[in-house]
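# Topology and contacts: notes
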Amino acid sequence: MYLNPRIVGCGETTLVLSHGYGGSQAIWDKVLPHLSRRNKVLLFDWDFSSTAAAAAAAAEEEDGEHSCYTFSRFADELVELMDKMELRGAVYVGHSMAGMVGCIASIKRPDLFTHLVLVGASPRYMNSEDYEGGFDEPDIEAMLSRISSDFRGWAEDFVPLAIGGGGGGEDDYPSAAEVLARSFFAMDPRVAHGLARMIFLGDQRELLGDVAAPCTLVHVSGDFAAPPCVGRYMQARMRAAAMHTIDSVGHFPQLITPDGLLGILDLVLGSAAASEEEEEEAAAAAMAETSSEVDVAT
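Okay, so let's go over this structure. (Residues numbered from 1 in each chain as written. Predicted model: local features only at pLDDT ≥ 70, side-chain atom pairs only at ≥ 80, totals over all residues. Heavy atoms only, no water.)

Take the pattern of salt bridges next. Taken as a whole, this structure holds 14 salt bridges when the rule is applied. Between D83 and R88 there is a salt bridge, with the nearest N and O atoms lying 3.2 Å from each other. (Salt bridge = Lys/Arg side-chain N within 4 Å of Asp/Glu carboxyl O.)

Laid out in structure tokens, this is it:
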């Protein structure tokens, strides 16, 4: 497992920034300077963000299978990485598909996470009679067919849509589009297709009720891929979830509206710090009470 991890900054609180489909750790560049001032921040690249996964994709293509790509596999890799980096009690920020990866990892290893921030996450992208996920089945099948036959052409069309078509602000759009296009075009087409099948044909709704860690759901009002209705669905089915909506467009608020995302993260980090202080005070009080009960008479 080669995920190119690096830790930036220092502080009592550890942040894990996890990118989604087509991304790389570069998508966090606009929020990293602020977050690393007072926090220890772990960044990494999933293996699909480079050509390192091309060999595995070719092998799977020969078998006609895409079993390599499962949410559980990515969750296991996240747990392995955090163990390797000796991180516990982290605030996890997962964008898009990485949101559900974090949920699964938190169920497997609750000691690793104190809070989950799920940015544009979705447990199910396909619409059904009782669920609105953002895409109708024929649209997903057409998208997967296009990715398989002409990934570069599909990505050239998709990146502007994912950024919001420039509606997020004239200053942010060009640089955001460049960053995202660079990481999308770096993907191996076979990897891109197998991973897209995992994401857009998957259904993780049943596990929402098993997530015990406190969650903050962040959605963009004009996000075509994970609209706010998805966040409301998740919030209603999770044990402890708050939801924030950023008034913007596209699927990448960390690139288009970084200040809006940072405002939410600052609230989460403030709450996490307060919780840690309360736990320390409670532990100190318990120790003091135990000490006072010890018979020191001679």
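Moving on, there is more to tell.
For the structure shown, the criterion picks out 15 aromatic pairs. Residues W46 and F74 carry aromatic rings whose centres are separated by 5.2 Å and whose planes lie at 75° to one another, so their mutual orientation is edge-to-face. Of this pair, W46 sits in the loop between strand 3 (39-43) and helix 2 (54-63) while F74 sits in helix 3 (residues 71-84), and the two are 28 residues apart along the sequence. With a relative accessible area of 0%, F74 lands in the buried category. Seen in terms of ring centroids, F135 and F224 are 6.2 Å apart; in terms of plane orientation they differ by 80°. Their pairing is edge-to-face. Pair noted here: F135 is in the loop between strand 5 (113-119) and helix 5 (137-149) and F224 is in the loop between strand 6 (215-222) and helix 9 (228-237), with a separation of 89 residues, a long-range link. Relative accessible area serves as the criterion here: at 12%, F135 is assigned to the buried category. Note that R73 overlies the ring of F74, its terminal NZ or CZ placed 4.4 Å from the centroid. (Phe/Tyr/Trp six-rings, centres within 6.5 Å; stacked < 30°, edge-to-face > 60°. Helix = DSSP H or I, 4+ residues; strand = E, 2+ residues; numbered from the N terminus. Buried < 20%, exposed > 50% of the residue type's maximum accessible area, 1.4 Å probe, protein only. Lys NZ or Arg CZ within 6 Å of the ring centre and 35° of its normal.)

A few words on the sheet that holds strand 7 (residues 241-249). In space, the seven strands of this open sheet follow the order 1-3-2-4-5-6-7, with mixed pairing throughout. Single-partner strands in this sheet number two, and they are strand 1 (6-8) and strand 7. Averaged over all neighbouring strand pairs, the angle between strand axes comes to 20°, with direction disregarded. Here strand 2 (residues 13-18) pairs with strand 4 (residues 90-95) via four bridges, running parallel. Looking at strand 4, one finds that L17 is bridged to V93. Relative to the sheet, helix 9 contacts strand 5, strand 6 and strand 7, its axis offset from that of strand 6 by approximately 160°. (Pairing = 2+ DSSP bridges. Axes fitted to C-alpha atoms, helices over the stretch in contact; angles between N-to-C directions. Contact = heavy atoms within 4.5 Å.)

The next subject is helix 9. Regarding helix 9, the residues found buried are P228, C229, V230, G231, Y233 and M234. Its buried side turned inward, helix 9 meets helix 4 (97-108), strand 5, strand 6 and strand 7.

A regular strand places its side chains on the two faces of the sheet in alternate fashion. In terms of strand pairing, strand 6 meets strand 7 through seven bridges, oriented parallel. The residue of strand 7 that forms the bridge with G222 is V249. Handedness of the crossover is the feature at issue here: the chain leaves strand 6, passes through helix 9, returns alongside strand 7, and the resulting connection is right-handed. (Right-handed = clockwise from strand over helix to strand, strands pointing away.)

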